Amino acid sequence: MVNKKMEIIWDDEAKKSLRNIYYYIKDNQSIEVAKKVRDRIVSQAKTLNNFPEKFEKEHNLEDEVGNFRSMIIWSYKIIYEVTEKAIYILDIFHTSRAPSTIKK
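In this report, the structure presented in the accompanying data block is examined. For clarity, every value in this text was computed on a predicted model and none was experimentally measured.

**Focus on the overall build of the chain**
Thought 1: Along the chain, the regular secondary structure elements total two helices and four strands.
Thought 2: Put simply, the chain runs from its N terminus to its C terminus through helices and strands in the order β-α-α-β-β-β.
Thought 3: Across the 104 residues of the chain, 36% fall into the buried class.
Thought 4: In the chain, once contacts between residues fewer than 6 apart in sequence are set aside, the share between residues at least 24 apart is 46%.
Thought 5: For the chain, the computed accessible surface area is about 7100 Å², with 48% contributed by carbon and sulfur atoms.

Okay, structure coming up:
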């Protein structure tokens, strides 16, 4: 039996966050570091379709309806939701940001 990989869909908020992270790092460090961080976040997100529930549930969203999970890459947290049909990348933010700013 062949497992079908789930589609990964990037929410507009996650795309915006990734762009903001890229430009912040580019402006404050270098374009090379910005590309490295961006590429690593994207490549790690792509691996979610192999086993979407491998990362823990996002405890800041436990009261929300849905299967919300998160993974950390360096100092960035990727919030995503696993549904029956797809994996939705919802947001990406620096882990120093207050957890109360996480919202659906």
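**Things to note about helix H2 (residues 31–46)**
Turn by turn, an α-helix covers 3.6 residues, leaving residues three or four places apart pointing in a common direction.
Thought 1: Across its 16 residues, H2 extends 22 Å between first and last C-alpha, which sits within 8% of the 22 Å expected from 1.5 Å per residue.
Thought 2: Turning to H2, its buried residues are Ala34, Val37, Ile41 and Ala45. Viewed end-on, H2 has its buried residues packed into an arc of 70°, placing them on one side of the element. Among the exposed residues of H2, those pointing more than 90 degrees away from its buried face are Glu32, Lys36 and Lys46.

**With respect to the layout of surface pockets**
Thought 1: Here the second largest pocket is characterised by a volume of approximately 180 Å³.
Thought 2: Lining the second largest pocket are Glu13, Ser17, Asn20, Ile21, Tyr24, Tyr76, Asp91, Ile92, Phe93, His94 and Arg97.
Thought 3: Every element with two or more residues in the lining of the second largest pocket is listed here: helix H1 (12–28) and strand E4 (86–94).
Thought 4: The greatest single-element share of the lining of the second largest pocket, amounting to five residues, is contributed by H1.
Thought 5: Taken together, the residues that form the lining of the second largest pocket break down as five nonpolar, three polar and three charged.

Rules used in this analysis
- Residues numbered from 1 in each chain as written.
- Predicted model: local features only at pLDDT ≥ 70, side-chain atom pairs only at ≥ 80, totals over all residues.
- Heavy atoms only, no water.
- Helix = DSSP H or I, 4+ residues; strand = E, 2+ residues; numbered from the N terminus.
- Buried < 20%, exposed > 50% of the residue type's maximum accessible area, 1.4 Å probe, protein only.
- Contact = heavy atoms within 4.5 Å.
- Areas by Shrake-Rupley, 256 points an atom, 1.4 Å probe, with all protein chains shown as cover.
- Expected span 1.5 Å × (residues − 1).
- Arc of directions from axis to C-beta.
- 1 Å grid on protein atoms, 1.4 Å probe; cavity = no way out; pocket = protein on both sides within 12 Å on 5 of 7 lines; lining within 4 Å.
- Points joined across faces, edges and corners; volume = space filled by probe spheres on them.
- Nonpolar A, V, L, I, M, F, W, Y, C, P; charged D, E, K, R; others polar.

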